[in-house]
Amino acid sequence: MALTVEQCDILLDILGETKVRTHTLESLSNELHKKFDSCDYFKVGTCLVMMLQQDLLKEPEQKLVAITLLYELYRGEALANTPFANVFNHLLHPPEHQSSVGSPKQEYPGQLPKLTPPEKQFLTQLLSDVPKDAILKKTATQIINSDVGNTQTNFDFSVVQLLLAEKQSELPHTCKTGIPVVLSLPEKTNNYTTERNDYAALVKTIATGDNAPINKVYKPEFVTLAPPLLNTDDEMVWLNPTNIKEHTVAYDVTMCVPDTAGQEARQLMNKAYKSALSLQQQQQLLGELENDSKLVYHIGLTPSKLPELVENNPLIAIEVLLKLMQSKQITEYFSVLVNMEMSLHSMEVVNRLTTTVDLPTEFVHLYISNCISTCETIKDRYMQNRLVRLVCVFLQSLIRNKIINVQELFIEVQAFCIEFSRIREAAALFRLLKQLESGEQIGLVSSPTIMKAKLEG
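Procedures and definitions
- Residues numbered from 1 in each chain as written.
- Predicted model: local features only at pLDDT ≥ 70, side-chain atom pairs only at ≥ 80, totals over all residues.
- Heavy atoms only, no water.
- Helix = DSSP H or I, 4+ residues; strand = E, 2+ residues; numbered from the N terminus.
- Buried < 20%, exposed > 50% of the residue type's maximum accessible area, 1.4 Å probe, protein only.
- Contact = heavy atoms within 4.5 Å.
- Areas by Shrake-Rupley, 256 points an atom, 1.4 Å probe, with all protein chains shown as cover.
- Axes fitted to C-alpha atoms, helices over the stretch in contact; angles between N-to-C directions.
- Parallel < 35°, antiparallel > 145°, perpendicular 65-115°, else oblique.
- Left-handed = near helix turned anticlockwise from the far one by under 90°.
- Nonpolar A, V, L, I, M, F, W, Y, C, P; charged D, E, K, R; others polar.
- Core = buried A, V, L, I, M, F, W, Y, C linked by side-chain atoms within 4.5 Å.
- Domains from an automatic or database assignment.
- Patch = residues over 30% accessible without salt bridge, like charges linked within 9 Å, V, L, I, M, F, W, Y side chains within 5 Å.
- Salt bridge = Lys/Arg side-chain N within 4 Å of Asp/Glu carboxyl O.
- pLDDT = per-residue confidence, 0-100.
- Phe/Tyr/Trp six-rings, centres within 6.5 Å; stacked < 30°, edge-to-face > 60°.
- Disulfide = S-S within 2.5 Å.
- Expected span 1.5 Å × (residues − 1).
- Polar contact = N/O pair within 3.5 Å; in protein donor to acceptor, adjacent residues only side chain to side chain.

A word on the overall build of the protein
No. 1: When helices and strands are tallied, the protein shows 23 helices and two strands.
No. 2: When the 457 residues of the protein are sorted by exposure, 39% land in the buried category.
No. 3: Sequence-distant contacts, at least 24 apart, represent 75% of the contacts inside the protein between residues at least 6 apart.
No. 4: For the protein, the accessible surface area stands at approximately 27,500 Å², while carbon and sulfur atoms represent 53% of it.

Some thoughts on the packing of helix H1 (residues 5–14) against helix H12 (residues 199–207)
No. 1: Between H1 and H12, the least distance of the axes is 10 Å, while the angle of their chain directions is 140 degrees. It follows from the interaxial angle that H1 and H12 lie oblique. Handedness of the H1/H12 crossing: right-handed. Taken together, the residues of H12 that come into contact with H1 (itself represented by Val-5, Cys-8, Asp-9 and Leu-12) are Tyr-199, Ala-200, Val-203 and Lys-204.
No. 2: Here the residues of the contact of H1 with H12 are counted per class, giving six nonpolar, no polar and two charged.

Some points on the nonpolar core
No. 1: Among the nonpolar cores identified, the biggest contains 63 residues, and Leu-337 and Ile-368 are the most heavily contacted of them.
No. 2: Broken down by element, the residue count for this core peaks at nine residues, all from helix H20 (residues 381–400).
No. 3: Two domains each donate at least three residues to this core, and these are domain 2 (252–328) and domain 3 (360–437).
No. 4: Beyond its immediate sequence surroundings of up to four residues, Ile-368 is in contact with Phe-394, Leu-395, Leu-398, Ile-404 and Leu-409.

Focus: a nonpolar patch on the surface
No. 1: A surface patch of nonpolar side chains, about 500 Å² in accessible area, is lined by Val-249, Tyr-251, Val-253 and Met-255.
No. 2: Examined against the element boundaries, Met-255 turns out to sit in the loop between strand E2 (217–218) and helix H13 (260–274).
No. 3: Taking relative accessible area as the criterion, Met-255 reaches 45% and is therefore assigned partly exposed.

Focus: the confidence of the model for the protein
Reading fine detail from the predicted coordinates is not recommended where pLDDT is low.
No. 1: On average, residues of the protein score 78 in pLDDT, and 78% of them reach the 70 mark or higher.
No. 2: Confidence over residues 98–106 falls short of pLDDT 50; this stretch has eight contacts with residues more than four positions distant or in other chains.
No. 3: Segment residues 190–196 is flagged for pLDDT under 50; beyond a separation of four residues in sequence, or across chains, it makes six contacts in the model.

Looking at the packing of aromatic side chains
No. 1: Across all of its chains, the model carries six aromatic pairs by this definition.
No. 2: Judged by centre distance (4.8 Å) and plane angle (25 degrees), the ring pair of Phe-334 and Phe-363 falls under stacked. With Phe-334 in helix H17 (residues 330–339) and Phe-363 in helix H19 (residues 361–377), the pair connects residues that are 29 residues apart, well separated along the chain. The residues Phe-334 and Phe-363 share a single accessibility class, namely buried.
No. 3: Measuring from centroid to centroid gives 5.8 Å for Tyr-367 and Phe-394, while their planes differ by 80 degrees, and the two rings are edge-to-face. Here Tyr-367, found in helix H19, pairs with Phe-394, found in helix H20; they are 27 residues apart in sequence, far enough to count as distant.

Concerning unusual backbone geometry
No. 1: The backbone of Lys-402 sits at a positive phi, close to 55 degrees, despite the residue not being glycine.
No. 2: Structurally, Lys-402 is set in the loop between H20 and helix H21 (410–419).
No. 3: For Lys-402, a relative accessible area of 64% translates into the label exposed.

Focus on the state of the cysteines
No. 1: Following the criterion strictly, the structure yields zero disulfides and no others.
No. 2: Here Cys-47 stays free of any disulfide, with the sulfur of Cys-8 as its closest cysteine sulfur at 5.0 Å.

Some points on the packing of H19 against H20
No. 1: Across the interface, H19 lies against H20 with an axial gap of 9 Å and an inter-helix angle of 155 degrees. With respect to H20, the element H19 is oriented roughly antiparallel. In this structure, H19 crosses over H20, and the sense of that crossing is left-handed. Facing Val-364, Tyr-367, Ile-368, Cys-371, Thr-374, Cys-375 and Glu-376 of H19, the residues of H20 in contact are Gln-384, Leu-387, Val-388, Val-391, Phe-394, Leu-395 and Leu-398.
No. 2: For the contact of H19 with H20, the class distribution of residues is 11 nonpolar, two polar and one charged.

Some details on the environment of Thr-361
No. 1: In this fold, Thr-361 is placed in helix H19.
No. 2: Here Thr-361 falls in the partly exposed class, since its relative accessible area comes to 45%.
No. 3: C-alpha of Thr-361 to C-alpha of Ile-404: the two residues are 43 residues apart in sequence and 7.6 Å apart in space.

Notes on the pattern of salt bridges
No. 1: A full pass over the atoms with the stated rule returns 11 salt bridges.
No. 2: With a closest N to O distance of 3.0 Å, Glu-31 and Lys-35 form a salt bridge. In this pair, Glu-31 and Lys-35 are both assigned in helix H3 (residues 25–35), four residues apart and thus about one turn of the helix distant.
No. 3: Owing to a relative accessible area of 15%, Glu-31 belongs among the buried residues under this scheme.
No. 4: One network of salt bridges, with partners in common, ties together Asp-13, Lys-19, Glu-31 and Lys-35.

Some points on helix H18 (residues 344–356)
Note on helix geometry: an α-helix contains 3.6 residues per turn, so any two residues three or four positions apart are oriented the same way.
No. 1: For H18, with 13 residues, the first-to-last C-alpha span of 18 Å sits near the 18 Å given by 1.5 Å per residue.
No. 2: The complete set of buried residues in H18 reads Leu-344, Ser-346, Met-347, Glu-348, Val-349, Val-350, Asn-351, Leu-353 and Thr-354.

A closer look at the side chain of Thr-46
No. 1: Its location among the elements puts Thr-46 in helix H4 (residues 41–53).
No. 2: Within the structure, the side chain of Thr-46 is placed 2.8 Å from the backbone oxygen of Phe-42, a separation counted as a polar contact.

Considering the environment of Gln-54
No. 1: Positionally, Gln-54 belongs in the loop between H4 and helix H5 (60–72).
No. 2: A relative accessible area of 8% places Gln-54 in the buried class.
No. 3: In this structure, the C-alpha to C-alpha distance between Gln-54 and Gln-111, residues 57 residues apart in sequence, is 7.9 Å.

Written out as structure tokens, the structure reads:
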């Protein structure tokens, strides 16, 4: 993958000698993002690094702009996760290169340009967390001619270096033996500099086309000798089988079979967030979740999407939450369910969960408190009466099934019943509390569907 000739012309135009002196770094960066898609950022960055390594940018302003654009390609992302983090590491901490012991440091092919103190301070500010609006509104010439002074910005590169070292250690040794096929001239003479008058054509030759040299790497071929044949009497039998009359091919019939079940489940879940699924769609989704116990982790459900699923498809929400009980995120799902707007569907989900699994006590108590608070704060009288009826029937179901210890919420629930004593369900709940207080036995609710029938009645 390499740049096209048209894309290379656009990049060279942004790096033009006149433009880099007169335009601010911010305007050049905006132009880069405007003219290139995100899918081309890696190719653009590779071309910029090649021009820096091969000294194809003649003016200091061009080099500084190229470094800035290389950073701006992936602005907003963590530096260690960008593909060119190692370039900035080499710019701020150039590796030592000595021809012999005790000899001074020398340049080597492919070496990145050495930064002046103003350029190094600018790059440090660019990589740090300080606001970048002020420095990007300057031109490259202003930054190169600026005075470093005593305002130094220290950027701790140790964490980035550690992450880069970990990534390098994961690569096989064969990946570290290759060298690029494009190498700069080891000794840069005056003739080399003066003869390079058409560097744009050179950049296009190296960085464009399907077989661009910029993408090629030379790797030595590792050849191993074939092991010698054994002709001794003690040769292992499995090396020379004699009792097998027929060889059969063991073929994995599941190879290359598309995972359509997971894809259809994700599509149905996306519909479930927006509207109620048909009975056939619900059965299909629940069947796929039942067949693959791990599919629930790959259908795109997040805690933030749970309220939409509860309101549109409560039965799906119940089954999904039951399968996520062993997940590390189940507490987050509970927290969202507790704090979502109270409704018939949310109560149905909570009631089914309480009768199926052991939910944390603090979760159930918090949900009850949220329901009571909602009833007390709502202004619409009709909706208030409806919600109070729902909450009372819901609490009766929890009490009769011994899901909660009503003594822990006795004062709060009793005050709620007294406040809404005009409503029949609240009076019935109050009588139930008095029965419990006097020690009378109460009947159990055998099925959570009874609560739903009462709520809808």
